[in-house]
Amino acid sequence: MAKLCLLGATGTIGDNTLAVIAQQPEQFTMVALTAHRNVDKMQRLCAQWSPRYAVMADDDAAEQLQQRLKHSDTRVLSGLGGLNYVATLAEVDTVMAAIVGAAGLLPTLMAAKAGKRILLANKEALVMSGQIFMQAVQENHATLLPIDSEHNAVFQAMGGQNQARDLKKIILTASGGPFRQKTKDELHHVTPEQACAHPNWVMGKKISVDSATLMNKGLEVIEACWLFNTDSDKIEVVIHPQSIIHSLVEYADGSFIAQLGQPDMRVPIAYSLNWPKRLNSGVKSLNLTQMNALTFEAVNRQNFPCLDLAYAAFKQGGTACTVLNAANEIAVAAFLNRQIKFMQIPHVIEQTLSRMDNQPALNLQAILAADTQARATATALI
Ligand code: NAD
Ligand code: MG
């Protein structure tokens, strides 16, 4: 029976995780649920799942939840201290890392240092701290299983391993997002609502905008380099609008191995929750004979410059990926607040990268300092 800490329980990955667990609740113990400040939703989740701990990252929200749960057995904690505490509890063996953005770094890193089985949805944590994160995983014998559908597909295509022999290429598929067929002129005028209306996936706002700019794919290229211990030259991105093939690997002999499935995050979540065994995800079967054609096309790199910014940051190394990620978070938030236009997102990121000195990313202090400085630089630019 897995003893679970679900970081980011109120988000879309949180919803999908709980939906998979609801298919076979006897196989899981819910030790901890965490959220930022959605007290109403957290109260409902606590009533349904009776976790031993509930953490609200926001202190006021924690106080409100505490009031509402004062007659329950759930202990309410708050802030980063609370997140780190539940991510490292001895009674937890599995941590679902589904906080969005840099806010997830410290609890996820703490879980790695505590040697947990980590189901990694929070790609930003790995992008901003790749080297020290992977080192923490290795030194503490943590297990890292990718939740991102592409990386989960690659992991499956490699037979449930992180590193394959004779691997020639990893091919990450991308739906192309809601703006795949727009001209550059049209892209200047798109709205946050349009950016968040993804054609194939229901996701949180930040990752939806990242999918529209293709920064999501850029972050995934960096994520894949760390997860599968390979250079970015071996990672290719191809547009596959139907989102049925979730990614592929090519071997030296010319074999391509792909993983297919419905575009539904319950599939990779179910796979990782019970790896190496399979669980019922509750997702309906693909009907191959009723499926539309599966098509592929090249990325339009002029219209979606974020992808190449991510490749360049990985090549540069040091704190460049930390800066890329922080500038992107600030630019996306500004776009969602209508302070900047869609096509200014890559501009803010590029300018932030060019204004900051690249530093070696040797320790957590260097990462956090680069993150803070990049946020200030991007904010000033906006
Ligand atoms: P979401 O916005 O729906 O949920 C985010 C969760 O993080 C919420 O529970 C929220 O309370 C919590 N959170 C936000 N800010 C926080 C803070 N400062 N401190 C503590 N907790 C905070 O996002 P999502 O779509 O569920 O995505 C979560 C992560 O999974 C992201 O890193 C995303 O890139 C990744 N991911 C998501 C999908 C998807 O289909 N949604 C697919 C692949 C990867
Ligand atoms: Mg993905």
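What you are looking at is a predicted structure, and each value in this text was computed from that prediction instead of being measured.

(A) Region of interest: the overall build of the protein. Within the protein, the secondary structure is distributed over 16 helices and 11 strands. Radius of gyration (C-alpha) of the protein: 20 Å, near the 21 Å computed for a compact globule of 382 residues. Taken over 382 residues, the protein has a buried fraction of 55%. Carbon and sulfur atoms make up 48% of the accessible area of the protein, which totals about 16400 Å².

(B) Structural detail: the coordination of the magnesium ion (ligand 2). The protein atoms donating to the magnesium ion (ligand 2) are D148 (OD), E150 (OE) and E220 (OE), with metal-donor distances spanning 2.1 Å. Owing to a relative accessible area of 7%, D148 belongs among the buried residues under this scheme. Classification of E220 as buried rests on a relative accessible area of 1%.

(C) Region of interest: the sheet that holds strand β9 (residues 235–239). Spatial ordering of the open sheet is given by β9-β8-β10-β11, a layout of 4 strands whose pairing is mixed. Both edges of this open sheet fall to β9 and β11 (256–260), since each of them pairs with a single strand only. Geometrically, the sheet is characterised by an average inter-axis angle of 20 degrees between neighbouring strands, direction not taken into account.

(D) Representation of the packing of aromatic side chains within the structure. Counting across every chain of the model gives 6 aromatic pairs. Ring centres of F155 and W275 lie 5.9 Å apart, and the angle between their planes is 55 degrees; this geometry places the pair in the tilted category. Here the residue F155 occupies a position in helix α7 (residues 149–157), and W275 occupies one in the loop between α12 (266–274) and α13 (306–316), the gap between them amounting to 120 residues. Exposure remark for F155: the relative accessible area of 2% places this residue in the buried category. Given a relative accessible area of 22%, W275 falls into the partly exposed group. Where F179 meets F342, the ring centres are 5.1 Å apart and the plane angle is 90 degrees; that geometry is what we call edge-to-face. Of this pair, F179 sits in the loop between β8 (167–174) and α8 (184–187) while F342 is found in the loop between α14 (320–336) and α15 (344–355), placing the two residues 163 residues apart along the sequence. For the residue pair F179 and F342, the accessibility class agrees, reading buried in each case.

(E) Representation of the side chain of N84 in the model. Residue position: N84 is located in helix α4 (residues 79–87). Here N84 falls in the buried class, since its relative accessible area comes to 15%.

(F) Here's a closer look at the packing of α13 against α14. Viewed as axis vectors pointing N to C, α13 and α14 meet at an angle of 150 degrees, and their least axial separation amounts to 7 Å. One finds that α13 runs roughly antiparallel with respect to α14. Contact residues: α13 offers L309, A310, A313, F314 and Q316, while α14 offers A320, C321 and L324.

(G) Representation of the site of ligand 1. Surrounding ligand 1, one finds 22 residues, the nearest of these being T10, T12, H36, E124 and G204. G11 is positioned such that a nitrogen or oxygen atom in its backbone is 3.1 Å from an oxygen atom of ligand 1. Contacts to ligand 1 include A121, whose backbone N or O atom sits 3.4 Å from an oxygen atom. Contact with the protein chains removes 87% of the 830 Å² of surface that ligand 1 exposes when unbound. Elements that contribute at least two residues to the shell around ligand 1 include exactly α1 (12–23) and α6 (123–139). The residue inventory of the shell around ligand 1, partitioned by class, reads 12 nonpolar, 7 polar and 3 charged.

(H) Main features of the sheet that holds strand β1 (residues 2–7). Judged by pairing direction, the sheet is parallel, and its 7 strands sit side by side in the order β4-β3-β2-β1-β5-β6-β7 without closing on themselves. The open sheet has two free edges, formed respectively by β4 (75–78) and β7 (143–146), since each of these has just one partner strand. Shown here is a sheet whose adjacent strand axes are inclined to one another by a mean of 20 degrees, direction ignored.

(I) Highlighting the pairing of β8. Counting buried positions along β8 yields 6 of 8 residues, so the element is predominantly enclosed. Bridge count between β8 and strand β10 (residues 245–251): 5 bridges; the pairing is antiparallel. Bridged to I171 within β10 is L248.

(J) Structural context of the pattern of salt bridges. This structure, assessed with the given rule, holds 20 salt bridges. Its salt-bridge partner being K123, residue E220 comes within 3.0 Å of it at the nearest N-O pair. With E220 in helix α11 (residues 215–227) and K123 in helix α6, this pair connects stretches of sequence that are 97 residues apart. Exposure remark for K123: the relative accessible area of 4% places this residue in the buried category. Two residues, R338 and E193, come together in a salt bridge whose shortest N-O distance is 2.4 Å. Taken together, the residues R338 in the loop between α14 and α15 and E193 in helix α9 (residues 192–196) connect sequence positions 145 residues apart.

Cut-offs used in this document
- Residues numbered from 1 in each chain as written.
- Chains lettered and ligands numbered in written order.
- Predicted model: local features only at pLDDT ≥ 70, side-chain atom pairs only at ≥ 80, totals over all residues.
- Heavy atoms only, no water.
- Helix = DSSP H or I, 4+ residues; strand = E, 2+ residues; numbered from the N terminus.
- Rg over C-alpha atoms; globule rule 2.2 N^0.38 Å.
- Buried < 20%, exposed > 50% of the residue type's maximum accessible area, 1.4 Å probe, protein only.
- Areas by Shrake-Rupley, 256 points an atom, 1.4 Å probe, with all protein chains shown as cover.
- Donors = N, O, S within 2.8 Å, 3.2 Å for Na, K, Ca; no water.
- Pairing = 2+ DSSP bridges.
- Axes fitted to C-alpha atoms, helices over the stretch in contact; angles between N-to-C directions.
- Phe/Tyr/Trp six-rings, centres within 6.5 Å; stacked < 30°, edge-to-face > 60°.
- Parallel < 35°, antiparallel > 145°, perpendicular 65-115°, else oblique.
- Contact = heavy atoms within 4.5 Å.
- Near = heavy atom within 4 Å.
- Polar contact = N/O pair within 3.5 Å; in protein donor to acceptor, adjacent residues only side chain to side chain.
- Nonpolar A, V, L, I, M, F, W, Y, C, P; charged D, E, K, R; others polar.
- Salt bridge = Lys/Arg side-chain N within 4 Å of Asp/Glu carboxyl O.

The values are spatial; any link to function lies outside them.
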